[in-house]
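Survey of secondary and tertiary structure
Here is how the chains run, residue by residue.
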Amino acid sequence: MFAKEVYIARRSTLLQKMAQTAPQGQRGIALFVGNAEAAAQYRDNAYKFRQDSSWLYYFGIDEPFMAAVIDLDSGDECIFADDVELGDIIWMGPQPSVASKAALAGVGRTAPYNDVRPVVEAALTAGRKVHFLPPSRYFNTMKLSSLAGVATEDVTKVAPMDKDGGRHASEELVKAVISMRLVKEPCEIEQLDDAGALGQLMHTVARNNVKPGVLEQEIVGIMEGVTLSKGWGVSFPTILSQHGETLHNHLHDKVIEPGKLLVIDAGAENDMHYASDFTRTLPTGGRFTSRQRDIYQIVCDCNELAFSLTRPGTAYRDVHIASSKLMLEGLRSLDIVRGSIDDMVEEGIAGLFQPHGLGHNMGLDVHDMEDLGENLVGYDPDQKRSSQLGLGSLRMARRLVPGNVITDEPGIYFIPALISQWKAEGRDKGFVNFSKLESYFDFGGIRLEDDVLVTEDGARRTGPNRLPIQPSDVEDAMS
């Protein structure tokens, strides 16, 4: 946990933000429900516990079966959890009291876990608003549905509390939380750098074990072992594949073959639950072929351009578009596409080669806060999501401010099924040279990703040392 003053200050700021949503006496309560343990095969064999990230942000206590209520009118706070009993002590040993844990978060009042119900019921009976965040876990969905008297299908819906009697998650609370978590505090940046160091170490270990004849799963096991020996584990399921044209390929059953490209998209979660997310594409034999190097260099240049444009006041949507233009210029130089770059961007041709967005937010989640609503997190109120393939998948489009942490991850992929569909339907509007493009059906894909902190006057990459990215540096590292 951070020092208790961090959590006290965060909850104080939340109170101030929520005070702007309604007059004194009409603000209601904020209800937070932490995650519970989830059985894997049976109750006593549970999945590895991971606490809810917003709970960690405001309360920091990394244990299951906890809830909290903040009175938005009076400022009173209470954490609801149960002290262990003798049966628990037999299996777990003596445990700190709930009160002592709450004190570490700066909360002075506690009550048994089930006592949260009458508190919420009293608020509802008095006609007070009950603000809560949309849950991502099934247990929390059922818990919030039961506590707030909201249908399970409505618990994850987000709307203003004055709409439909507040039978849904609170848009006011969601927006307040997003506004705070989007801007990382110095203590969080330290943790993100720490997670970055661990992520860079896992990638280095992976790169050092790439050689023909090795099973992909062996590399995955070694690199994920690093995250468990020095942190909480991986921040998301590892992507390691010689079929990089499949964007999220989690199959690791192939033997490394010379002459291919190995996409490794993987990150670490440190013990404070902050995440990293890096991608590198490696030549399996240690050196790029000339054709691989041509495409790789385009992606590398797009990564560098995006980083150079990342600064306060710039919309990340514009960075995505600028990167897409450079990508199309590179592909045009290889005669894969033809025509005006601006016209191609207007028609969404870049999406054929990069069907995903340039990046997403990072923090306590690898796709930070997307459980609260991807558009609310990633888009300013005056921005609208595109319908184009690629640009429409951009998860972070906002105007950047100091303290944002985002990914910079351009890619080029040759997806035979997608290419064939565009050709059959004429979706390329004549811009694509399919006779040349079809020769890349066996190429795979390339993605290059760094985590980037927006600073007061520009940006810097997180972690202590950048992973090799220029093609010659990659080859040198693999040698």
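See the structure printed just above.
Residues numbered from 1 in each chain as written. Predicted model: local features only at pLDDT ≥ 70, side-chain atom pairs only at ≥ 80, totals over all residues. Heavy atoms only, no water.

1. Thoughts on the packing of aromatic side chains
How we decide: Ring geometry is summarised as follows: Phe, Tyr and Trp rings, the Trp one being its six-membered ring, pair when their centres sit within 6.5 Å, and such pairs are stacked at plane angles under 30 degrees, edge-to-face over 60 and tilted between the two. Comment: elements are numbered from the N terminus, with helices defined as DSSP H or I runs of at least four residues and strands as E runs of at least two. The classification of residues rests on relative accessible area computed with a 1.4 Å probe and restricted to protein chains. Under 20% of the type maximum is buried, over 50% is exposed, and intermediate values are partly exposed.
Scanning the model with the defined rule gives 13 aromatic pairs in all. Between Phe32 and Phe59, the aromatic rings sit 5.6 Å apart at their centres with planes inclined by 70°, giving edge-to-face as the arrangement. With Phe32 in strand E1 (residues 29-33) and Phe59 in the loop between helix H2 (53-58) and strand E4 (67-71), this residue pair connects regions lying 27 residues apart in the sequence. Like Phe59, Phe32 is buried. Look at Phe414 and Tyr440: their rings are 4.8 Å apart centre to centre, the planes differ by 25°, and that puts the pair in the stacked class. Placement of Phe414 in the loop between strand E16 (411-413) and helix H16 (416-425) and of Tyr440 in the loop between helix H17 (434-437) and strand E17 (445-447) is noted, with a sequence separation of 26 residues between them. For the pair Phe414 and Tyr440, a shared accessibility class is recorded, and that class is buried. Within the aromatic cluster, the residues linked to one another by ring pairs are Phe32, Trp55, Tyr57, Tyr58 and Phe59.

2. Quick notes on a nonpolar patch on the surface
As a reminder, the rule being used: Each patch is built from residues lacking any salt bridge and having more than 30% relative accessible area; the joining distance is 9 Å for like charges and 5 Å for nonpolar side chains (Val, Leu, Ile, Met, Phe, Trp, Tyr). Only the protein chains shown count as cover for residues, and all accessible areas are computed by the Shrake-Rupley method using a 1.4 Å probe. Counted as salt bridges are all cases of a side-chain nitrogen of Lys or Arg within 4 Å of a carboxyl oxygen of Asp or Glu.
Together, Leu86, Ile89, Ile90, Trp91 and Met92 make up an exposed nonpolar region whose accessible area comes to about 640 Å². The topology assignment puts Leu86 in helix H3 (residues 86-92). Owing to a relative accessible area of 61%, Leu86 belongs among the exposed residues under this scheme.

3. A look at helix H11 (residues 290-309)
Basically, it comes down to this: What a helix is expected to span follows from its residue count: subtract one and scale by 1.5 Å.
With 20 residues, H11 should reach 28 Å at 1.5 Å per residue; the first-to-last C-alpha distance of 29 Å fits that figure. Along H11, the residues that are buried comprise Gln292, Ile295, Tyr296, Ile298, Val299, Cys300, Cys302, Asn303, Ala306 and Phe307.

4. Some words on H16
Note the threshold: Note that the arc is defined by the directions from the helix axis to the C-beta atoms. Two residues qualify as a contact provided that any one of their heavy atoms is within 4.5 Å of a heavy atom in the partner residue.
Listed as buried for H16 are Leu418, Ile419 and Trp422. One side of H16 carries all its buried residues, which in axial view fall inside an arc of 100°. Summarising the geometry of H16, the exposed residues directed more than 90 degrees from the buried face are Ala417 and Ala424. Considering only its buried residues, H16 is in contact with helix H14 (350-353) and H17. Once H16 ends, the next one or two residues include Gly426, with phi positive near 65°.

5. A closer look at the sheet that holds strand E5 (residues 77-80)
Working definition: the strands of a sheet are paired by backbone hydrogen bonds and lie parallel or antiparallel to each other. What counts is decided by this rule: We call two strands paired when DSSP finds no fewer than two bridges between them.
The strand order E6-E5-E4-E1-E7 describes an open sheet built from five strands, whose pairing is mixed. Taken across any chain shown, the strands that pair with only one partner, and hence form the sheet edges, are strand E6 (110-111) and strand E7 (130-131). With five bridges joining them, E1 and E4 adopt antiparallel strand pairing. When the sheet's bridge partners are listed, Leu31 is paired in E4 with Val69.

6. Focus on unusual backbone geometry
In this model, Phe65 sits at a positive phi of 60°, which is unusual for a non-glycine residue. The residue Phe65 is located in the loop between H2 and E4 in this model. Phe65 gets classed as partly exposed once you look at its relative accessible area, which sits at 35%. Here Asp335, not a glycine, exhibits a phi torsion of approximately 65°, which is positive.

7. Let's talk about the sheet that holds strand E19 (residues 459-461)
Just so we agree on the cut-off: Orientation is described by lines fitted to C-alpha atoms, with helices fitted over the stretch in contact, and by angles between N-to-C directions that extend from 0 to 180 degrees.
With antiparallel pairing, three strands are arranged side by side in an open sheet as E15-E18-E19. The outermost strands of the open sheet, each flanked by one partner alone, are strand E15 (405-408) and E19. Across this sheet, the average inter-strand angle for adjacent strands is 35°, counted without regard to direction. The pairing of strand E18 (residues 450-454) with E19 spans three bridges and is classified as antiparallel. Each residue of the ladder has a partner; that of Val452, found in E19, is Arg461.

8. Digging into the state of the cysteines
Heads up, the rule is: Criterion for a disulfide: a pair of cysteine sulfur atoms within 2.5 Å.
For the coordinates displayed, the defined rule picks out zero disulfides. In this model Cys300 remains outside any disulfide bridge; the closest cysteine sulfur is found in Cys302, 9.3 Å from its own.

9. Overview of the pairing of E1
Consecutive side chains along a regular strand alternate between the two faces of the sheet. With five of five residues buried, E1 lies mostly within the body of the structure. Here two bridges tie E1 to E7, and the two strands are oriented parallel to one another. Note that in E7 the partner of Ile29 across the bridge is Val130.

10. Side note on the nonpolar core
Basically, it comes down to this: As used in this record, nonpolar core signifies buried Ala, Val, Leu, Ile, Met, Phe, Trp, Tyr and Cys residues forming a set joined through side-chain atoms within 4.5 Å.
Core analysis: the biggest nonpolar cluster contains 57 residues, and Ile295, Leu331, Ile336, Phe353, Ile412, Phe414 and Leu437 have the highest contact counts within it. Ranked by the residues each element gives to this core, the list is headed by H11, at six residues. Among all residues touching Leu331, those that are not within four sequence positions of it are Ile295, Ile298, Ile336, Val337, Phe353 and Ile412. Residues Val98, Ala105, Leu173 and Leu182 belong to the second largest nonpolar core, which totals 45 residues.

11. A short note on the packing of H11 against helix H12 (residues 316-333)
Defined as follows: For classification, angles of less than 35 degrees are called roughly parallel, those exceeding 145 degrees roughly antiparallel, those between 65 and 115 degrees roughly perpendicular, and all remaining angles oblique. In this scheme the handedness of a crossing depends on how the near helix is turned from the far one: anticlockwise by less than a right angle means left-handed, clockwise means right-handed.
In contact at an axis separation of 9 Å, H11 and H12 are set at 155° when each is read in the N-to-C sense. If you check the angle between H11 and H12, you find them roughly antiparallel. For the pair H11 and H12, the sense of crossing is right-handed. On the side of H11, the interface is formed by Ile295, Ile298, Asp301, Cys302, Leu305, Ala306 and Leu309, while H12 contributes Val319, Ala322, Ser323, Leu326, Met327, Gly330 and Leu331.

12. What to know about the side chain of Asn35
To keep it simple, the criterion reads: What qualifies as a polar contact is a pair of N or O atoms within 3.5 Å, subject to a donor-acceptor requirement within protein and to the restriction that residues adjacent in sequence count only when both atoms come from side chains.
Tracing the backbone through its elements, the reader meets Asn35 in the loop between E1 and strand E2 (39-42). The exposure class assigned to Asn35 is buried, which follows from its relative accessible area of 4%. One polar contact links Asn35 to Asn140, side chain to side chain, over a distance of 3.1 Å.

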